[in-house]
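So the chains spell out like this:
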Amino acid sequence: KGVTIALIDGTVDTSAPELKGANITDKSRCTIEASAATRSHGTSMASMLVSPTFGVAPDATLLTYQSSATEDISLGSCENIGGVRQNSISHLINQAIDDGAQIISLSQGSGATGDDIKWAIARAMNEGVIIVNSAGNAASDSNGGQLSRWSGVVGVAAITADGQRADYSSWGNGVTTAAVGGPVTVRDYGTGGLRPMNGTSVATPLAAGMLALARQKWPDVTANQLLQVVTKTALNPNHEWNQYTGYGAVDLGALVNTDPSQYPDENPLA
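What counts as what
- All chains use their own residue numbering, which begins from 1 and follows the written sequence.
- Residue-level local features of this predicted model are given only where pLDDT is at least 70; pairs of side-chain atoms are given and counted only at 80 or more, and the full residue set underlies all totals for whole chains, interfaces and linings.
- By convention in this description, side-chain values take in all heavy atoms of the structure and omit both hydrogens and water.
- Numbering of helices and strands runs from the N terminus, with a helix taken as a DSSP run of H or I at least four residues long and a strand as a DSSP run of E at least two residues long.
- The criterion used for residue contact is that any of the two residues' heavy atoms lie within 4.5 Å.
- Where accessible areas are quoted, they stem from the Shrake-Rupley method and a 1.4 Å probe; at the residue level, only the protein chains shown are allowed to cover.
- Note on pairing: two strands pair once DSSP finds at least 2 bridges between them.
- A fitted line through C-alpha atoms serves as each axis, taken over the contacting stretch for helices, and the angle formed by two N-to-C directions is quoted from 0 to 180°.
- Each pair of aromatic rings taken from Phe, Tyr and Trp, with Trp reduced to its six-membered ring, is defined by centres within 6.5 Å and is described as stacked if the planes are under 30 degrees apart, edge-to-face if over 60, and tilted in the remaining cases.
- Two conditions define a charge located above a ring, namely a distance within 6 Å from the ring centre to NZ of Lys or CZ of Arg, and an angle within 35 degrees of the ring normal.
- Here the expected length of a helix is defined as 1.5 Å per residue gap, with one fewer gap than residues.
- Accessible area is worked out with a 1.4 Å probe on protein chains only. A residue is then buried under 20% of its type maximum, exposed over 50%, and partly exposed in between.
- A clockwise turn of the near helix away from the far one marks a right-handed crossing, whereas an anticlockwise turn of less than a right angle marks a left-handed crossing.
- Should an angle fall under 35 degrees it is called roughly parallel, over 145 degrees roughly antiparallel, and 65 to 115 degrees roughly perpendicular, with every other angle called oblique.
- By the convention adopted, Pro, Cys, Tyr, Trp, Phe, Met, Ile, Leu, Val and Ala count as nonpolar, Lys, Arg, Asp and Glu as charged, and the other residues, Gly among them, as polar.
- Distance and chemistry together define a polar contact, namely a pair of N or O atoms within 3.5 Å, with one atom able to donate a hydrogen and the other to accept it when in protein, and with adjacent residues in sequence counting only for side-chain atoms on both sides.

Bringing the overall build of the protein into the picture now. Each helix and strand in the protein was counted, giving six helices and eleven strands. Projected onto its principal axes, the C-alpha positions of the protein cover 50 × 40 × 35 Å. Taking all contacts inside the protein whose residues are at least 6 apart in sequence as the whole, residues at least 24 apart take part in 72%. Summed over all atoms, the accessible surface of the protein reaches about 11100 Å², with 48% contributed by carbon and sulfur.

We now examine the sheet that holds strand β6 (residues 103–106). As a general point, the strands of a sheet are linked pairwise by backbone hydrogen bonds and lie either parallel or antiparallel. The strand order across the open sheet built from seven strands is β2-β3-β1-β6-β7-β8-β9, with neighbouring strands paired in parallel fashion. Of all the strands in the sheet, just β2 (23–26) and β9 (175–180) have a single pairing partner and so form its edges. For this sheet, the mean inter-axis angle between neighbouring strands, taken without regard to orientation, is 25 degrees. With three bridges joining them, strand β1 (residues 4–9) and β6 adopt parallel strand pairing. Note that in β6 the partner of A6 across the bridge is I104. Each of β1, β2, β3 (61–66) and β6 touches helix α1 (residues 36–50); the most contacted strand, β1, lies at about 160 degrees to it.

So, about the packing of aromatic side chains. According to the stated counting rule, one finds one aromatic pair in the structure shown. Across the ring face of W150, the terminal group of R149 is positioned such that the distance to the ring centre comes to 5.0 Å.

The end-to-end C-alpha distance of helix α4 (residues 200–217) is 26 Å, a good match for the 26 Å that 18 residues give at a rise of 1.5 Å each. Burial of α4 is extensive: 15 of the 18 residues sit out of reach of the surface.

You can see I89 is positioned in helix α2 (residues 89–98). The spatial distance from the C-alpha of I89 to the C-alpha of N267 is 22 Å, given a sequence separation of 178 residues.

Below, the discussion takes up the pairing of strand β10 (residues 184–188). Note on strand geometry: in a regular strand, side chains alternate between the two faces of the sheet. Bridge analysis of β10 against strand β11 (residues 193–197) gives five bridges, and the strand direction is antiparallel. Looking across to β11, one finds that V186 is bridged to R195. Counted along the chain from β10 to the antiparallel partner β11, the turn is four residues long, and its residue G192 has a positive phi close to 80 degrees.

Moving on: the packing of α1 against α4. Each packed pair of helices is defined by two parameters, the angle between the axes and the distance between the axes. With their axes 8 Å apart at the nearest point, α1 and α4 run at an angle of 35 degrees to one another. For α1 against α4, the interelement crossing comes out right-handed. Residue-level inspection shows H41, M45, M48 and L49 of α1 in contact with α4, the latter providing S201, V202, P205, L206, A208 and G209.

This next bit is on the packing of α2 against helix α3 (residues 115–126). Packing of α2 against α3 brings their axes to within 8 Å, and their N-to-C directions diverge by 20 degrees. Between α2 and α3, the angle is such that the two are roughly parallel. When the axes of α2 and α3 are compared, the crossing they make is left-handed. Residues I89, S90, I93, N94, I97 and D98 of α2 pack against D116, I117, A120, I121, R123 and A124 of α3. Residue classes in the contact of α2 with α3 are distributed as seven nonpolar, two polar and three charged.

This part is about the side chain of N133. Position of N133 relative to the elements: it lies in strand β7 (residues 130–134). According to the relative accessible area criterion, N133 is buried, its value standing at 0%. Within the structure, N133 has its side chain in polar contact with the backbone oxygen of L106 (distance 2.8 Å). Setting aside residues up to four positions removed in sequence, N133 forms contacts with L106, Q108, Q146, L147, S148, V153, V154, G155, V156 and T204.

By themselves, these figures tell us nothing about what the structure is for.
Here is the structure:
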């Protein structure tokens, strides 16, 4: 409660029953004609964050920003501005910061390497906005294709329900932590039914939602100090880092109950 999360993903269907009563505002810069797949993905990510029934952070305010995927039908009205599309990740990160987001959840790959994305992420770090990004599902070192290749971004890998590393989860230098990657049941707008879903896409909003709970509990500490707690309490033995699960799975109890003010105001991922 009192925490604002930005979701950069596909279209979110706020009429879905599982989102009834959730505090969601679409802040997209433009309108994309979305495919059923991206509508399914965006709606499921929003549900895992703020569904009043099963979301991790159901009382958070969620701002949604529609990005595009290759399977989308049309890029709609997202014409170029200064050579960078309005639905580019850098534009959406900057808008989320402008709109007051404290945490940005992004369950997509991004091979962007230009100055626009570099400075958007640098601005987020400077203004204390935490960006949480999926590690990918290629079962390989996919660091170069994810936002977590950049300094300061929280890369999230996937584990199974019994705590083992998921065999599909990608790895790399940008992995910070991990969370359960499913299976979860999601709405499928292609078939009109429900289906199981696994992936680091699932793990990412779970980790972002946990950070939102910590932000609620400790409103006066810095984003850097919250990230210090993540690295100091995650569940690897001795919280030691590796490229597969980072410092280990998020320990929600420790994340919420450990006072971050005891740690230095320094970004441990920088």
